[in-house]
Amino acid sequence: MSNINLNDFWNKVREDIENTLPKEILESTILRLLPLTLDETSKTLTLTTMQAYIRDFIEKEPMINTAFRNSVNNIWQRLSQNNSTLTIIITTVGDKEPTIVSEPTEPANQGPISTISDDSKTQPLATDTFTSPTNYETDIYAADTTNDQELKGYDQLAQRFGLPPISNEPPQTPSVPPTYEEPVKVLAQPPVSRPPMKRPYIPEEPAMGSDSLFPHLEPANMATQDANTILNENNKSILQLNPAYTFDTFIPGGSSQMAYVAAQNIAENPATRYNPFFIYGKSGLGKTHLMHAIGNEIKRRYPALRIMCITSENFLNLFVQAIRFKKNEEFRNTFRKVDVLLIDDIQFIQDNRYAGTQMEFFHTFNALTDGKKQIVLTSDTLPQDMDQMEDRLKTRFNSGLVVTIEPPNSETLEAITKSYIDKQRELLPELRIPNEVIRFFGTTYYNRSVRDLQGALIKLISAAEMEQKLDQITVEYARYVLRDLIPETEETILSITYIQDFIADYFKIKKELLVGQKRNKQYAHPRQIAMYLCRELINESYPQISQAFGKKDHTTAIHAYTKISEDMEKNADLKRMISDIISKINGHT
């Protein structure tokens, strides 16, 4: 059994001979041989090739023959660690006997298979010694009068020795027309019936469908059908306005009041005052609702206007498709033909990977504003905080009206809760939720998103419906049902600090102004109410109250308590407000 791996042996031979023969000759001869066996006992290496002329050329060309045998024996002696030589046999397809590669001889008239004995004239190379190509050429061609050193490439050598050129195609046999002694009759064969082949589906049209990204915006279609209706019918998945999001279903309050009024103004007079209109707010506060409300109101007032409502993600996806299917021009024309462009969550295109999308939106933005078209954008990031957005886009976002929607206060949350309950009562007439439960939602979901509130209401009403308690909902029952949704917080301890924080938030003033020395009515009146509540709710001493509000004399706290008590008897609105504040504080604690 051989101890030398045949593949490793042949790879080393190829590496060795690369230092000896030109690359053109190697690729045409030696590199086309495939090793079959290496018999260490008989010291025989057997190779094969598909083309007989390669075998003949290696045998008859002295330079290639000698270099090849020397490389083979050099590697053999190195690996076997003896000075013996190998017998090299090259076979081709169809050979009855192999060809033994030996010292080159003069060509003679031989049969298709030639066997030449090896006289072992090849001198083995030293283990670490390599003979350069120049030595071979000097030994072989010293007596030759022709300048063989200038012959380069296999074609020149083949021409010199009368060998066929290299060809990847099999040799062509000249066709000889047949001779017939009698006429040949060609019988018509019946058609062969073959089962139908299942061919792969190849669409006749591109994946984008029409030549336009949105066929409804083509002039032929626009002339016969309503633009907005077709917009929704042809692109329901990405371009449809939500009919449930209207101004009537939006509950304004607190910070959302300004955004609500501005949105109504835009819907009444698009692209006149606030363009672009940028709505900023955290998730779940009503940005998308307000944007769709603008679109629905414009659609109702101006049916002829073309409205495009889309998320930034779908804008990006359509842009990628337009590039893929070479519809860049159709994409541009589509978005620049609209009269109102509404894009939700514009912050998602600020990634550096979407530089092409930002550039395209930049030109779309300019085209629409130059054409007096309305643009409405929503985002949970302010323009100046979009670190990866191009500066030229950020400045354009800030060039119009930027409004902020903050988490709703308790009163707004209670109004939203009542509105949702009224809608559910249309489906469930027996639904009854008392005011204390509504106030519970207003205080529990204070400074949280409207989506959290809506999810809690859905869970509460669904649980009451399944347990047939739609008319028995209490605060305790709501706490039990929503125990996994209500954040676990430590019980609030009623103190002077808590009352100060609550009053500052209630009147929307800074705490440092509430406890400061300014005597403006907008600060002095809330300060007196806070002192009154510290005495009324926690029975704190007057000196301690005065000290907490930065007053040296305790008579200030006495005066505040007395004044608020007297004013409550005279002013019903003040009494109602103090009662509301106390109920909210008790609800929180």
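Not measured: the values here are computed from a predicted model. (Residues numbered from 1 in each chain as written. Predicted model: local features only at pLDDT ≥ 70, side-chain atom pairs only at ≥ 80, totals over all residues. Heavy atoms only, no water.)

Asker: Honestly, the overall build of the protein chain in this entry has me stumped. Any pointers?
Answerer: The helix and strand inventory of the protein chain stands at 25 helices and nine strands. Residues counted as buried form 41% of the 589 residues belonging to the protein chain. Long-range pairs, those at least 24 residues apart, make up 70% of the contacts in the protein chain with a sequence separation of at least 6. Of the roughly 33,800 Å² that the protein chain leaves accessible, carbon and sulfur atoms contribute 49%. (Helix = DSSP H or I, 4+ residues; strand = E, 2+ residues; numbered from the N terminus. Buried < 20%, exposed > 50% of the residue type's maximum accessible area, 1.4 Å probe, protein only. Contact = heavy atoms within 4.5 Å. Areas by Shrake-Rupley, 256 points an atom, 1.4 Å probe, with all protein chains shown as cover.)

Asker: Which parts of the structure should I look at to understand the pattern of salt bridges?
Answerer: Between side chains of opposite charge, a pair can form when the charged atoms approach closely. Using the criterion set out here, one finds 20 salt bridges in the structure. Here Arg301 makes a salt bridge to Glu297, at a shortest N to O gap of 2.9 Å. Placement of the pair is Arg301 and Glu297 together in helix 11 (residues 287-301), with a separation of four residues, close to one helical turn. Here Glu297 falls in the buried class, since its relative accessible area comes to 17%. One salt bridge connects Glu360 with Arg336, and the closest N-O pair in it is separated by 3.1 Å. Here the residue Glu360 occupies a position in helix 14 (residues 355-370), and Arg336 occupies one in helix 13 (residues 328-336), the gap between them amounting to 24 residues. The class of Glu360 is buried, set by a relative accessible area of 6%. Residues joined by salt bridges that share partners form a network here, namely Glu268, Glu297, Arg300 and Arg301. (Salt bridge = Lys/Arg side-chain N within 4 Å of Asp/Glu carboxyl O.)

Asker: Whenever I open this one, the packing of helix 14 against helix 15 (residues 391-398) confuses me. Can you help?
Answerer: The axes of two packed helices give the description: the angle between them and the distance between them. Interaxial distance between helix 14 and helix 15 falls to 10 Å at its minimum, and their mutual angle equals 35°. When you trace helix 14 past helix 15, the crossing you get is left-handed. Side by side, helix 14 and helix 15 meet where Gln358, Met359, Phe361, Phe362, Phe365 and Asn366 of the first sit next to Arg392, Leu393, Arg396 and Phe397 of the second. For the contact of helix 14 with helix 15, the residue count by class is six nonpolar, two polar and two charged. (Axes fitted to C-alpha atoms, helices over the stretch in contact; angles between N-to-C directions. Left-handed = near helix turned anticlockwise from the far one by under 90°. Nonpolar A, V, L, I, M, F, W, Y, C, P; charged D, E, K, R; others polar.)

Asker: Can you walk me through helix 10 (residues 256-268) in this structure?
Answerer: Residues spaced three or four apart along an α-helix point in a common direction, a consequence of the helix completing one turn every 3.6 residues. Given a rise of 1.5 Å per residue, 13 residues ought to cover 18 Å, and the 19 Å separating the end C-alpha atoms of helix 10 matches this to within 8%. Among the residues making up helix 10, those that are buried are Ser256, Ala259, Tyr260, Ala262, Ala263, Asn265, Ile266 and Ala267. On the buried face of helix 10, the contacting elements are strand 5 (277-281), helix 11, strand 8 (374-379) and strand 9 (401-405). (Expected span 1.5 Å × (residues − 1).)

Asker: Mind showing me how you'd approach the packing of helix 3 (residues 52-60) against helix 4 (residues 62-80) here?
Answerer: Two elements in contact, helix 3 and helix 4, have axes whose closest approach is 5 Å; the angle formed by their N-to-C orientations is 85°. Relative to helix 4, helix 3 is oriented roughly perpendicular. Residue-level inspection shows Phe57, Ile58, Glu59 and Lys60 of helix 3 in contact with helix 4, the latter providing Pro62, Ile64, Asn65 and Phe68. Residues of the contact of helix 3 with helix 4, tallied by class, amount to five nonpolar, one polar and two charged. (Parallel < 35°, antiparallel > 145°, perpendicular 65-115°, else oblique.)

Asker: Where do I start with the nonpolar core in this structure?
Answerer: Most often, soluble globular proteins keep nonpolar side chains buried together rather than apart. One finds Phe9, Ile30, Leu33 and Phe68 to be the most contacted residues of the largest nonpolar core, which totals 28 residues. Within the residue set of this core, elements represented by two or more residues are helix 1 (6-18), helix 2 (23-28), strand 2 (44-49), helix 3, helix 4 and strand 3 (87-92). It is helix 4 that provides the largest number of residues to this core, a total of seven residues. With 27 residues, the next largest nonpolar core counts Ile421, Leu428, Val437 and Val475 among its residues. (Core = buried A, V, L, I, M, F, W, Y, C linked by side-chain atoms within 4.5 Å.)

Asker: Sorry if this is basic, but what is going on with the packing of aromatic side chains here?
Answerer: To describe a pair of aromatic rings, one takes the distance between the centres and the angle between the planes. Tallied over the entire structure, the rule returns 19 aromatic pairs. Ring geometry for Phe315 and Phe361: centres 5.8 Å apart, planes at 85°, overall edge-to-face. Taken together, the residues span a long stretch of sequence, with Phe315 in helix 12 (residues 312-324) and Phe361 in helix 14 at a distance of 46 residues. You'll find Phe315 and Phe361 in the same group, each marked buried. Judged by centre distance (4.8 Å) and plane angle (45°), the rings of Phe331 and Phe335 are tilted. Remark: Phe335 and Phe331 occur in helix 13; sequence separation between them is four residues, near one turn of the helix. A residue is classified by how much of its surface remains accessible, and Phe331, at 1% relative accessible area, is buried. Judged by its relative accessible area of 0%, Phe335 is buried. A network of ring pairs unites the aromatic residues Phe278, Phe315, Phe319, Phe331, Phe335, Phe361, Phe365 and Phe397 as a single cluster. Lying over the aromatic face of Tyr480, Arg483 brings its terminal NZ or CZ to 4.2 Å of the ring centre. (Phe/Tyr/Trp six-rings, centres within 6.5 Å; stacked < 30°, edge-to-face > 60°. Lys NZ or Arg CZ within 6 Å of the ring centre and 35° of its normal.)

Asker: Which parts of the structure should I look at to understand helix 15?
Answerer: For helix 15, the set of buried residues is Leu393, Lys394 and Phe397. Seen along its axis, helix 15 keeps its buried residues to an arc of 100°; they face one direction. Residues Asp391 and Thr395 are exposed on helix 15 and point more than 90 degrees away from its buried face. Tucked inside the fold, the buried residues of helix 15 contact strand 5, helix 14, strand 8 and strand 9. (Arc of directions from axis to C-beta.)

Asker: Any chance you could explain the pairing of strand 5 here in plain terms?
Answerer: Of all five residues making up strand 5, five are buried, and the element is well covered by its neighbours. What you see with strand 5 is no split at all: Phe277, Ile279 and Gly281 on one side and Phe278 and Tyr280 on the other are buried throughout. As judged from the five bridges shared by strand 5 and strand 9, these two strands associate in the parallel manner. Bridged to Tyr280 within strand 9 is Thr404. (Pairing = 2+ DSSP bridges.)

Asker: What am I meant to see in the side chain of Thr381 here?
Answerer: Turning to its location among the elements, Thr381 is positioned in the loop between strand 8 and helix 15. Residue classification places Thr381 among the buried positions, given a relative accessible area of 18%. One polar contact links Thr381 to Asp380, side chain to side chain, over a distance of 3.1 Å. Those residues in contact with Thr381, other than ones at most four positions away along the chain, are Phe278, Tyr280, Gln347 and Met386. (Polar contact = N/O pair within 3.5 Å; in protein donor to acceptor, adjacent residues only side chain to side chain.)

Asker: Whenever I open this one, the sheet that holds strand 6 (residues 307-311) confuses me. Can you help?
Answerer: Pairing between the strands of a sheet comes from backbone hydrogen bonds, and it takes one of two forms, parallel or antiparallel. Sheet architecture is open: five strands sit in the order 6-7-8-5-9, paired in parallel fashion. Here the strands that pair on one side only, and so sit at the sheet edges, are strand 6 and strand 9. Across the sheet, the mean angle from the axis of one strand to that of its neighbour is 15°, orientation sign disregarded. As paired elements, strand 6 and strand 7 (residues 340-344) share five bridges and run parallel to each other. Paired with Cys309 across the two strands is Leu342, which belongs to strand 7. Helix 10 rests against strand 5, strand 8 and strand 9 of the sheet, and its axis sits at about 135° to strand 9.

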